[in-house]
Amino acid sequence: MQFSVSQRSYSGWIVPGLFLALCSQNSFAAGFAIRGQSASSIGTAGASDVAGTTDISAMFSNPAAMGVFKGTNISVGAAYIMPNGEFTEGRRTVGGSGIEAITDSDDAKKSDDFSEGAFLPALYGTYEVNEDLTAGASITAPFGTNTDYGKDWVGRYHGTKTELEMINLDLAASYRVMENLRVGFGVQVQHARGLIEGASNYGAARAQGIATAAAQEAAGLVSAYYTAAAAYQADPTNTTKGAAASSANAAVEANAVAKNFKTATDAAIAGQPAASVPTIISNTLTAAGAQYVGGQAIANEGQDDVYAQYEGSDIAYGFTFGVLYTVMPDLDLGLSYRSQVVHKTEGDFKLSGETSAAQAYAETIGLKRTADLNLPTPDIIGFGLNYKGIADMNVYLSASMTRWSKLRDINVVPETGDNVLVKLDWEDVWHVGLGGDYKINENVILRAGVASDNSPTTDTLRSPRSPDDNRRFFSLGGRYQTEGWSVDAGFLHTRFRDPTLNLKDDAYPEAAGRGDLSGKYEVTANTFMAQYNHTI
């Protein structure tokens, strides 16, 4: 006799669940892109990207722009991203059951410190080879994410910790084709390091296994009792059969699970025709067993978690291209393209158990193995306008499309075992910015800007690793300049449309076992950046 609380055994998804928890994707541009490469760009909410030529950091969004600057120039900057996020109303179901989990504490259902602040570097240098050709290099951090909810939080089977760091080296050149037209080309050398952690609900599988054995034993005792009782009822003068029925009943009474099963069965067969009694007994014991196994799994799940960690790194390559065209003395137009970079990371996949039982199970799977994880960054197409027709003022407009649709899923390839697919279905998004700067005097410039940035995530597949949604940007900035050097500062406030989680255990086949997860976020972020520019 078999007992099950779902169509799929818990133990069937323990290892896939670990990988699934690892591979979901907090940064403060769309997806896991970061805005923190240029203080002047931050001061205009990104509106000066592509067509702006305030300082040599313009080369990040358009390599053609660095050709505007004469001589040898360096620029050193640092940005600090300070996120503020709160997760509340967390709820989950036990994977494979559809039943709400009851083992999480109230503290586990909320979090107000899941993302930490981070410093980002930005280094630039350009060299004027001749009046037509300029070469340059930069080091920036264009992508990254950082979330850590702790090992006990309600969504741990969808992910606990994520660290993604990408450092980009650009080597580029700008060439003046005509007096009013410059083109630029560059090579990206990008280093990526990722650490991702998650948990799998071994407690549910263990409880199901123990409960199934107990239910099968109990059902066997009850079945033996009814068989012996029926034999004695048919031959009431046979003392041997009477003793057998008495012994079978004593065995049932000594087993609490069997005693409950017998009570339920007695009620079910009361007053029923003798011919239908065997079928009723079998059906009742099957239903009672399934109910008992399910109840034990629900009561004891979440207490023997197996934790997994993947850490890997890679160096990959891409390119950049840009055009800067002066339509008229008061109007510059820019076009730029940053290619996709595909990282094929290789690293260590490690398991550990929360309890001795979980650790023992992890050891049976293997505590350490190698695994591969491919992670593509999106390509970006940018358009920009810089209007200089107002005295002492520049007006900027930019629009860029980030092609996140190339990140359809994440496929983890372990050294042994099956590949695990995690569906993302991210979408292409647009960032649109409007800003400007105003020259107060020969030394001081003020900046401001607003922008809108859509999220590539969908409401049905949004991950707690990057609780992203559409966002709005508001910025202020400024510059102090004198002969040979200048200092830029920028402040960017990011407001998110409040994201929600609505992940389903049956969203796609490979997601089975993690359980449903729901909750609400309130997220904002502030970015501060300062940058020193010097002409040698």
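Residues numbered from 1 in each chain as written. Predicted model: local features only at pLDDT ≥ 70, side-chain atom pairs only at ≥ 80, totals over all residues. Heavy atoms only, no water.

K.L.:
If you had to explain the overall build of the chain to someone new, which residues and values would you point to?
P.N.:
Regarding its fold elements, the chain presents seven helices and 19 strands. A compact globule built from 536 residues should have a C-alpha radius of gyration of about 24 Å, whereas the chain, at 32 Å, is more than 25% larger. Expressed as a percentage of its 536 residues, the buried residues of the chain come to 51%. For the chain, the exposed area adds up to about 22,600 Å²; of that, 56% sits on carbon and sulfur atoms. With 39 positive and 59 negative side-chain charges, the chain shows a spacing of 2 Å between the two charge centroids. (Helix = DSSP H or I, 4+ residues; strand = E, 2+ residues; numbered from the N terminus. Rg over C-alpha atoms; globule rule 2.2 N^0.38 Å. Buried < 20%, exposed > 50% of the residue type's maximum accessible area, 1.4 Å probe, protein only. Areas by Shrake-Rupley, 256 points an atom, 1.4 Å probe, with all protein chains shown as cover. Lys, Arg positive; Asp, Glu negative; His and termini not counted. Charge placed at Lys NZ, Arg CZ, Asp CG, Glu CD.)

K.L.:
Run through the pattern of salt bridges, naming residues and quoting values.
P.N.:
Taken as a whole, this structure holds 33 salt bridges when the rule is applied. Asp49 is paired through a salt bridge with Arg35; the nearest N and O atoms lie 3.6 Å apart. Taken together, the residues span a long stretch of sequence, with Asp49 in the loop between helix H2 (39-43) and strand E1 (72-92) and Arg35 in the loop between helix H1 (14-22) and H2 at a distance of 14 residues. A single burial state applies to Asp49 and to Arg35, both of which are buried. The salt bridge involving Asp379 is made with Arg403; its shortest N-O contact spans 3.0 Å. (Salt bridge = Lys/Arg side-chain N within 4 Å of Asp/Glu carboxyl O.)

K.L.:
An account of unusual backbone geometry is requested, with residue identities and associated values reported.
P.N.:
Even without being glycine, Ala45 reaches a positive phi, approximately 55°. One non-glycine residue with positive phi stands out, namely Glu89, at about 60°. Position of Glu89 relative to the elements: it lies in strand E1.

K.L.:
Summarise the nonpolar core; cite the residues concerned and give the values.
P.N.:
Soluble, globular proteins show a tendency: their nonpolar side chains are buried together. Counting residues in each nonpolar core, the largest one holds 26 residues, and the members touching the most others are Phe32, Met166, Trp404 and Leu407. Going through the elements one at a time, strand E4 (161-178), strand E5 (181-200), helix H3 (202-234), strand E6 (306-328), strand E8 (341-353), helix H7 (356-365), strand E9 (368-377) and strand E12 (409-414) are the ones with two or more residues in this core. Beyond its immediate sequence surroundings of up to four residues, Leu407 is in contact with Phe32, Leu375, Pro376, Leu424, Asp425 and Trp426. Counting 21 residues, the second-largest nonpolar core is a separate cluster that includes Ala219, Ile269, Val277 and Ile281. (Core = buried A, V, L, I, M, F, W, Y, C linked by side-chain atoms within 4.5 Å. Contact = heavy atoms within 4.5 Å.)

K.L.:
Quick rundown of a nonpolar patch on the surface? Include the residues and the values.
P.N.:
A contiguous nonpolar surface patch, about 780 Å² in accessible area, is contributed by Val76, Leu123, Ile139, Ile167, Leu169, Leu171, Phe185, Val187, Phe319 and Phe321. Of all the secondary structure elements, the ones that give two or more residues to the nonpolar patch are E4, E5 and E6. Among the secondary structure elements, Leu171 is positioned in strand E4. (Patch = residues over 30% accessible without salt bridge, like charges linked within 9 Å, V, L, I, M, F, W, Y side chains within 5 Å.)

K.L.:
Describe in detail helix H4 (residues 239-253), supporting the description with residues and values.
P.N.:
For H4, built from 15 residues, the straight-helix expectation of 21 Å at 1.5 Å per residue is met to within 8% by its first-to-last C-alpha distance of 21 Å. Along H4, the residues classified as buried are Gly242, Ala245, Ala248 and Val252. Projected down its long axis, H4 carries its buried residues within an arc of 125°, all on one side. Opposite the buried face of H4, at more than 90 degrees from it, the exposed residues are Thr239 and Thr240. (Expected span 1.5 Å × (residues − 1). Arc of directions from axis to C-beta.)

K.L.:
Before we move on, can you summarise the pairing of strand E3 (residues 133-148) with the specific residues and values?
P.N.:
Relative to E3, strand E2 (residues 118-128) runs antiparallel, the two being bridged by six bridges. Its bridge partner being in E3, Gly125 is matched across the sheet by Ala137. A loop of four residues connects E2 with E3, the two strands running antiparallel in sequence. (Pairing = 2+ DSSP bridges.)

K.L.:
How would you sum up the environment of Tyr225? Please name residues and give values.
P.N.:
Positionally, Tyr225 belongs in helix H3. Take Tyr225: its relative accessible area is 16%, and that puts it in the buried class. Considered as a pair, Tyr225 and Ala245 are 20 residues apart in the sequence and their alpha carbons are 6.1 Å apart. Every residue in contact with Tyr225, bar those within four places of it in the chain, is listed here: Ala245, Ala248, Asn249, Val252 and Lys262.

K.L.:
Describe the packing of aromatic side chains, with residues and values.
P.N.:
By convention here, two paired aromatic rings are described through the distance between centres and the angle between planes. In the structure shown here, the tally under the stated rule is 19 aromatic pairs. When the centroid spacing of 6.3 Å and the interplanar angle of 80° are considered together, the rings of Phe261 and Tyr292 count as edge-to-face. On the criterion of sequence distance, the pair formed by Phe261 in helix H5 (residues 256-269) and Tyr292 in helix H6 (residues 277-300) is long-range, its members being 31 residues apart. On the accessibility criterion, Phe261 (4% relative accessible area) is buried. With a relative accessible area of 22%, Tyr292 lands in the partly exposed category. Judged by centre distance (5.2 Å) and plane angle (80°), the ring pair of Trp404 and Trp426 falls under edge-to-face. With Trp404 in the loop between strand E11 (393-402) and E12 and Trp426 in the loop between strand E13 (420-423) and strand E14 (429-439), the pair connects residues that are 22 residues apart, well separated along the chain. Accessibility assignment for this pair places Trp404 and Trp426 in one class, buried. (Phe/Tyr/Trp six-rings, centres within 6.5 Å; stacked < 30°, edge-to-face > 60°.)

K.L.:
Give me the lowdown on the confidence of the model for the chain, citing residues and values where you can.
P.N.:
When pLDDT is averaged along the chain, the result is 88, and 93% of the positions lie at 70 or above. Between the elements of the chain, mean pLDDT differs from a low of 43, seen in H1, to a high of 98, seen in strand E7 (residues 331-338). A low-confidence stretch, residues 2-28 stays under pLDDT 50, and its non-local contacts, those more than four residues away or across chains, total 124 contacts. (pLDDT = per-residue confidence, 0-100.)

K.L.:
Tell me about a negative patch on the surface, and name the residues and values.
P.N.:
Residues Glu86, Asp112, Asp113, Glu116, Asp148, Asp498 and Glu522 make up a contiguous surface patch of negative charge. For Asp498, the position within the fold is in the loop between strand E17 (485-496) and strand E18 (500-503).

K.L.:
So what's going on with the packing of H3 against H4? Residues and values would help.
P.N.:
Closest axis-to-axis distance for the H3/H4 pair is 8 Å, and the angle between their directions is 155°. Classified by the angle between their axes, H3 and H4 sit roughly antiparallel to one another. Judged by the sense of rotation from one axis to the other, the crossing of H3 with H4 is left-handed. Here H3 contributes Leu221, Val222, Ala224, Tyr225, Ala228, Ala229, Ala231 and Tyr232 to the contact with H4, which in turn contributes Lys241, Gly242, Ala244, Ala245, Ala248, Asn249, Ala251 and Val252. Grouping the amino acids of the contact of H3 with H4 by side-chain chemistry returns 13 nonpolar, two polar and one charged. (Axes fitted to C-alpha atoms, helices over the stretch in contact; angles between N-to-C directions. Parallel < 35°, antiparallel > 145°, perpendicular 65-115°, else oblique. Left-handed = near helix turned anticlockwise from the far one by under 90°. Nonpolar A, V, L, I, M, F, W, Y, C, P; charged D, E, K, R; others polar.)

K.L.:
Summarise the pairing of E11; cite the residues concerned and give the values.
P.N.:
Looking at chain direction, strand E10 (residues 380-387) and E11 are connected through eight bridges and run antiparallel. Considered in E11, the bridge of Leu385 is made with Leu397. In this antiparallel pair of consecutive strands, E10 and E11, the connection spans five residues, and Asp392 shows a positive phi of 60°. Two strands pair when backbone bridges link them, and E11 and E14 are joined in this way by 10 bridges, in the antiparallel orientation. What sits directly across from Tyr396, in E14, is Gly435.

K.L.:
Let's hear about the environment of Arg338: which residues, and what values?
P.N.:
For Arg338, the position within the fold is in strand E7. A relative accessible area of 9% places Arg338 in the buried class. In this structure, the C-alpha to C-alpha distance between Arg338 and Phe319, residues 19 residues apart in sequence, is 6.2 Å. Residues in contact with Arg338, not counting those within four places in the same chain, are Phe60, Asn168, Asp170, Gln188, Phe319, Thr320, Pro378, Asp379 and Ile380. At 2.9 Å, the side chain of Arg338 and the backbone oxygen of Phe60 are in polar contact. A polar side-chain atom of Arg338 sits 3.0 Å from a polar atom in the side chain of Gln188. (Polar contact = N/O pair within 3.5 Å; in protein donor to acceptor, adjacent residues only side chain to side chain.)

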